[in-house]
Structures are given as structure tokens and as C-alpha cells.
Amino acid sequence: MINMEIRVVRNFFKKIFSRLFRNKRDIKLGFYGPPNSGKTSLANRICKDFTGQEMGSVSKIPHETRNVQFKEKVEISYKEKKMTFKMIDTPGIATKIDYEDFLKYKVKKKDAKMRAKEATQGVIESIKWLDDMDLVVIVLDATENPYNQVNITIIGNLVARKIPVIIVANKIDLRKSNIKQIEAAFPEYDVVGISAKYGKNMEEFYESIFKVAKKV
Ligand SMILES: Nc1nc2c(ncn2[C@@H]2O[C@H](COP(=O)(O)OP(=O)(O)OP(=O)(O)O)[C@@H](O)[C@H]2O)c(=O)[nH]1
Ligand SMILES: [Mg+2]
């Protein structure tokens, strides 16, 4: 109980301080979502656009990112405006991680078991960092059903912590993609349809980042 009170007080002061020094620090921009939705692809595209470097490796095998990755001082410009972000790419959050799911990608049993173990640790790490974000981009695969435990849990957590959220419907280049279904699942949010892989509709994405980041 006391611990919780200390935490509340500490968070309160943290928020006041960060507001006071808002102009001096980077806005912490987190990329969250289920595995394989394109978080790293999107983070890479932004980094490549503005720094020339990439953030992390991308793979069709889920749970490619198994450690939280940071990139500081990424200055994004949109129209005449500029803002500096600390980008945080996170491991995909899942409720069930089974090593056998990796075997169909021709991963060896020993490596699959290790991948599952690291992926589980990665989920814990992602959730641990959630509290630290100023702004979160939820990246969803627009070809998948958005009504699931993971998405609802992440968004619920962010709402409870009053962290602003942008929902990205990724992979709109694929015929199966369905932005409308994502909009219907989360009607109180702006949903931006993009293709991180092919760089489609990135202008609208940057516009919504700036719109929300201004209020952080
Ligand atoms: N068609 C299409 N494929 C995409 C797009 N964005 C990402 N992908 C593919 O989706 C797969 C997963 O991409 P990642 O960027 O590694 O996804 P992630 O969300 O970081 O995945 P984890 O790190 O495992 O959580 C890769 O095969 C990407 O090439 C997109 O816009 N269109
Ligand atoms: Mg990744």
C-alpha cells in the first residue's frame, strides 16, 4: 500500500518536472503492438527518413524484436515544424508464446525454444516500459482481426495512465487489409492507415504524430 502511494507521488513529481523541462527533452515515442504487425518496419522507416539509419531487424518470423530498442534525438520535420523524439521500438506483446509455432519457419528446435524464452522476457520488458512513454503508436496488422486480448489490454493500460495513443493500421498495401474494422474496434481513436514497408501514407502519419505530440 505504502509502495503504491510512493509510486503515485513519484509519478506526480515526474510529470510536473517533465512538463517544466518539456522543451529540453525529447518526446518518448513508443511503438507497441502484437508480434509481426510492423513496429520495427515503421520505426526503421521514420529513422531512415530523418537520420539515414535503421533501428532494428525485421523478419516474417514473429518475435523478431526481443529487447526494447532505443534511438535518441530523432528530429522529425513535418511541413515547417520540427520535433525531437526518443524512439522506442518494443517486443511484440502476446498472451501465448509457444516454441512450436517457430518450427514452421524452419527454425531449429533448440533455437525455437530460446526464441520463445527471450520473447516471453521481451513481453515483460515491453510492459515495464509502458509507463515511461509520452506518446504511443499502436501498430496493428490491418489484415488481422483487431478484437483481441492483447490490443485491448495495451490500449486499456495506456488510457489508465493517460498516455496519448495513435493507432496505425499497417500493411494497407495488402488486399486483405481492412482499416474499417480497426476503426470500428477503436472508435474513439484516430486510425491512420499506412504501409510501413512501402512508405504509403506517411504524410498523414507524421501529421497525426505532430497533432498529438503538441499536447504531450
Ligand atoms: N505487406 C507488408 N508487409 C509488411 C509491412 N510492414 C511490415 N511488413 C512485414 O511484416 C513482417 C513483420 O515486420 P516487423 O517490422 O518485423 O514487425 P514487428 O511488429 O516489429 O514484429 P516483432 O518484432 O516480431 O514484434 C515482416 O515480414 C515485414 O516485412 C507493410 O506495410 N506491408
Ligand atoms: Mg520488431
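For the structure, see preceding data.
**Some words on the nonpolar core**
For step 1, the next point in the chain: Counting residues in hydrophobic clusters, the biggest one holds 30 residues, and the most contacted among them are Phe31, Leu42, Ile46, Met87, Val137 and Phe205.
For step 2, the next point in the chain: Only strand S1 (27–32), helix H2 (39–51), strand S2 (69–78), strand S3 (81–89), strand S4 (135–141), strand S5 (165–170) and helix H7 (202–213) provide two or more residues apiece to this core.
For step 3, the next point in the chain: If near-sequence neighbours (up to four positions away) are discounted, Val137 is found in contact with Leu29, Gly30, Phe31, Tyr32, Leu42, Ile166, Val168, Phe205 and Ile209.

**Section: the pairing of S1**
For step 1, the next point in the chain: S1 sits mainly inside the fold: 5 of its 6 residues count as buried.
For step 2, the next point in the chain: In the sheet, S1 pairs with S3 via 5 bridges, with the strands oriented parallel. Bridge pairing links Gly30 to Ile88 in S3.
For step 3, the next point in the chain: Here S1 runs beside S4; their pairing, made up of 4 bridges, is parallel. Along S4, the bridge assignment pairs Phe31 with Val137.

**Quick notes on the coordination of the magnesium ion (ligand 2)**
Ideal donor angles around a metal are set by the shape: a four-donor tetrahedron calls for 109.5 degrees, a six-donor octahedron for 90 or 180 degrees.
For step 1, the next point in the chain: Bound to the magnesium ion (ligand 2) on the protein side are Thr40 (OG1) and Thr65 (OG1), at distances that span 2.0 to 2.1 Å. Of this pair, Thr40 sits in helix H2 while Thr65 sits in the loop between H2 and S2, and the two are 25 residues apart along the sequence.
For step 2, the next point in the chain: Looking at Thr40, the relative accessible area reads 6%, which means it is buried.

**Brief notes about the site of ligand 1**
For step 1, the next point in the chain: Lining the immediate environment of ligand 1, one finds 22 residues, of which Lys39, Ser41, His63, Thr65 and Asp173 sit closest.
For step 2, the next point in the chain: The separation between an oxygen atom of ligand 1 and a polar side-chain atom of Thr65 is 2.8 Å.
For step 3, the next point in the chain: Compared with its free state, where it exposes 650 Å², ligand 1 has 92% of that area covered by protein.
For step 4, the next point in the chain: Split into classes, the residues belonging to the shell around ligand 1 amount to 5 nonpolar, 11 polar and 6 charged.

The rules behind these values
- Residues numbered from 1 in each chain as written.
- Chains lettered and ligands numbered in written order.
- Predicted model: local features only at pLDDT ≥ 70, side-chain atom pairs only at ≥ 80, totals over all residues.
- Heavy atoms only, no water.
- Core = buried A, V, L, I, M, F, W, Y, C linked by side-chain atoms within 4.5 Å.
- Buried < 20%, exposed > 50% of the residue type's maximum accessible area, 1.4 Å probe, protein only.
- Helix = DSSP H or I, 4+ residues; strand = E, 2+ residues; numbered from the N terminus.
- Contact = heavy atoms within 4.5 Å.
- Pairing = 2+ DSSP bridges.
- Donors = N, O, S within 2.8 Å, 3.2 Å for Na, K, Ca; no water.
- Near = heavy atom within 4 Å.
- Polar contact = N/O pair within 3.5 Å; in protein donor to acceptor, adjacent residues only side chain to side chain.
- Areas by Shrake-Rupley, 256 points an atom, 1.4 Å probe, with all protein chains shown as cover.
- Nonpolar A, V, L, I, M, F, W, Y, C, P; charged D, E, K, R; others polar.

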